[in-house]
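# Residue-level structural notes
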Amino acid sequence: GGTSINSSNEPLYVIDGVPIDNPAYNPGGFQGGRNPLNSINPNDIESFTVLKDASATAIYGSRGANGVIIITTKKGDAGGAKFNYDTWYSVANRTGEIDVLNADEFRQQVQQLAPGYVPQLGSVNTDWQDEIFQTAVGQNHALSFSTGKEDMGFRASLGFLDQEGVVKTSKTQRTSLALNYNQRLFEDALKINANFKGAYTKDRFSQNGVIFNSIGMDPTQPVLDPTSQYGGYWEYENNLAPKNPVAELMLTQDFGENFRSIGNVEFDYQIPFVDGLSAKL
């Protein structure tokens, strides 16, 4: 669990009976992506159950030490063909900021406490927190088709998500496909359920520490400096001052690209003449 060297506090995800290991903490994990749940279209989720007590998580051994989240996706049911289209658009902004000295207040403090550094101060007024945040826009589209009869059902869905983060450069895109087929035979004694889910995700990650650096950065200095050797961004040329957070965001190319597919076929057979006993494969 969380006390080991190479594990995290992430729970174990079980999606339609398929256990998905904690991300990026073992060779079979989910490297390069944000989280296993990011590969699932929320419109495809029927229900989820959280297992927290030891007796429930013991089913999955040590992998369930931090709890288990069981996710069941939607299936086709009896009735005619049904099409469904769901979409939303979003706009997001931060709700506040850390209260720090503005440029004039900072100059006053330097003048009083360290007058020898006054010549190094700049002549502008930069709100570094404003510079690293953005208005994040997002959109989501989900199209599904389902059909079925009394003893069978089929459902297919296609989804697309494009979501920016409130920190500049952070963004995620997901294109997802989900298929489900279920069949009941021999007077419901045999139940067959087949699932496939695939997702192609592209992420751009913002740098860790840029919010902290924006709080400690000199507000008298500009964002850009045409004469700078650091990609045209102003920087203090020492290793003690915070780095220009805007430069860190814009000059760092940190991308993740994933194709993730999850699939299984399940057979559940009710043993004749033994009430309540079934075999599952």
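Residues numbered from 1 in each chain as written. Predicted model: local features only at pLDDT ≥ 70, side-chain atom pairs only at ≥ 80, totals over all residues. Heavy atoms only, no water.

## Describing the overall build of the chain
As a reminder of what qualifies: A run of DSSP states H or I qualifies as a helix once it reaches four residues; a run of E qualifies as a strand once it reaches two. Both are numbered from the N-terminal end. Radius of gyration here uses only the C-alpha atoms, and the compact-globule reference equals 2.2 Å multiplied by the residue count raised to the power 0.38. Exposure classes here rest on a 1.4 Å probe applied to the protein chains alone. A residue is buried below 20% of its type maximum, exposed above 50%, and partly exposed in between. Methods summary: accessible areas were calculated by the Shrake-Rupley approach with a probe of 1.4 Å, and residue burial reflects only the protein chains presented. Neither His nor the chain ends contribute to the count of charged residues, in which Lys and Arg are positive and Asp and Glu negative. By convention, the charge on Lys lies at NZ, on Arg at CZ, on Asp at CG and on Glu at CD.
What the chain contains, in helices and strands, is five helices and 11 strands. Taking 281 residues into account, the globule formula puts the C-alpha radius of gyration at 19 Å, and the chain, at 26 Å, lies well above it. Taking all 281 residues of the chain together, the buried fraction comes to 37%. Only carbon and sulfur atoms are counted for the fraction: they give 55% of the accessible area of the chain, which is about 16500 Å². Once the 21 positive and 32 negative side-chain charges of the chain are each reduced to a mean point, those two points are 7 Å apart.

## Quick notes on the packing of aromatic side chains
Counted only if it meets this: Pairing of aromatic rings covers Phe, Tyr and the six-membered ring of Trp, with a centre-to-centre limit of 6.5 Å; geometry is then stacked below 30 degrees between planes, edge-to-face above 60, and tilted otherwise.
A full pass over the atoms with the stated rule returns two aromatic pairs. With a centroid separation of 4.9 Å and an interplanar angle of 45 degrees, the aromatic rings of F83 and F145 are classed as tilted. Taken together, the residues span a long stretch of sequence, with F83 in strand β5 (residues 79-92) and F145 in strand β6 (residues 136-149) at a distance of 62 residues. Pairing W234 with Y236 gives two aromatic rings, centres 4.5 Å apart and planes at 75 degrees, and the pair type is edge-to-face. Using a relative accessible area of 12% as the deciding quantity, one classes W234 as buried.

## Considerations on the pairing of β6
Selection rule: We call two strands paired when DSSP finds no fewer than two bridges between them.
One ladder, built from 12 bridges, connects β5 with β6; its direction is antiparallel. For F83, the partnering residue across the bridge sits in β6 and is F145. Strand direction decides the pairing type here: β6 and strand β7 (residues 152-164), joined by 12 bridges, are antiparallel. Across the sheet, residue S146 finds its bridge partner in β7, namely R155. The loop that links β6 with its antiparallel partner β7 comprises two residues.

## Considering the sheet that holds strand β4 (residues 68-73)
Within a beta sheet, neighbouring strands are joined by backbone hydrogen bonds and run either parallel or antiparallel to one another. Just so we agree on the cut-off: Orientation is described by axes fitted as lines to C-alpha atoms, over the contacting stretch for helices, and by angles from 0 to 180 degrees between their N-to-C directions.
The four strands are arranged β2-β1-β4-β3 in an open sheet whose pairing can be described as mixed. Each having just a single partner strand, β2 (18-20) and β3 (45-51) make up the two edges of the open sheet. Along the sheet, successive strands turn relative to each other by an average axial angle of 20 degrees, direction set aside. Taken together, the three bridges between strand β1 (residues 12-15) and β2 define a ladder with antiparallel strand orientation. The residue of β2 that forms the bridge with V14 is P19.

## Quick look at a nonpolar patch on the surface
This is how the line gets drawn: Patch membership requires over 30% relative accessible area and the absence of a salt bridge. Like charges are linked within 9 Å, and nonpolar side chains (Val, Leu, Ile, Met, Phe, Trp, Tyr) within 5 Å. A side-chain nitrogen of Lys or Arg and a carboxyl oxygen of Asp or Glu constitute a salt bridge if their distance falls within 4 Å.
Together, F83, Y85, L143, L158, L177, L179 and F196 make up an exposed nonpolar region whose accessible area comes to about 700 Å². Contributing elements (two or more residues each) for the nonpolar patch: β5 and β8 (171-185). With respect to the helices, strands and loops of the structure, L143 is situated in strand β6. Owing to a relative accessible area of 45%, L143 belongs among the partly exposed residues under this scheme.

## As for the pattern of salt bridges
Within this structure, the stated rule accounts for eight salt bridges. Between R155 and D44 there is a salt bridge; the shortest N-O distance is 3.0 Å. Of this pair, R155 sits in strand β7 while D44 sits in the loop between β2 and β3, and the two are 111 residues apart along the sequence. In this pair, the class of R155 matches that of D44, namely buried.

## Regarding the environment of G64
Positionally, G64 belongs in the loop between α1 (54-57) and β4. Sequence-wise, G64 and L12 are 52 residues apart; in three dimensions their C-alpha atoms are separated by 5.7 Å.

## Section: the side chain of N41
Test applied: Contact between two residues is taken to exist if any of their heavy atoms lie within 4.5 Å; hydrogens are not considered.
As for its placement among the helices and strands, N41 is situated in the loop between β2 and β3. Not counting residues up to four positions away in its chain, the partners in contact with N41 are A142, G159, R174 and S176.

## Quick word on the nonpolar core
As a reminder, the rule being used: Note on terminology: a nonpolar core comprises buried Ala, Val, Leu, Ile, Met, Phe, Trp, Tyr and Cys residues joined through side-chain atoms within 4.5 Å.
Membership of the largest hydrophobic core comes to 14 residues, with the highest contact counts inside it found for W128, I132, V167, V223, Y233, V246 and L249. For this core, the secondary structure elements donating two or more residues are α3 (128-132) and α5 (245-251). The residues contacting L249, other than those within four sequence positions of it, are I132, V167, K168, T169, R204, S206, Q207 and V210. If you look at the next biggest cluster of nonpolar residues, it comprises eight residues, including Y13, I15, V18 and I40.

## Here we look at the pairing of β7
Of the strand pairs in this sheet, β7 and β8 are connected by 13 bridges, and their pairing is antiparallel. Bridged to M152 within β8 is Q183. Linking β7 to β8, which pair antiparallel, is a turn of six residues; within it T169 sits at a positive phi near 80 degrees.

## Some thoughts on the sheet that holds strand β9 (residues 190-204)
Reading across from one edge, β5-β6-β7-β8-β9-β10-β11 is the order of the seven strands in this open sheet, with antiparallel pairing throughout. Unpaired on one side and paired on the other, β5 and β11 (278-280) mark the two borders of the sheet. Neighbour to neighbour, the strand axes of the sheet diverge by 10 degrees on average, direction disregarded.

No statement about biological role is implied by the geometric values presented.
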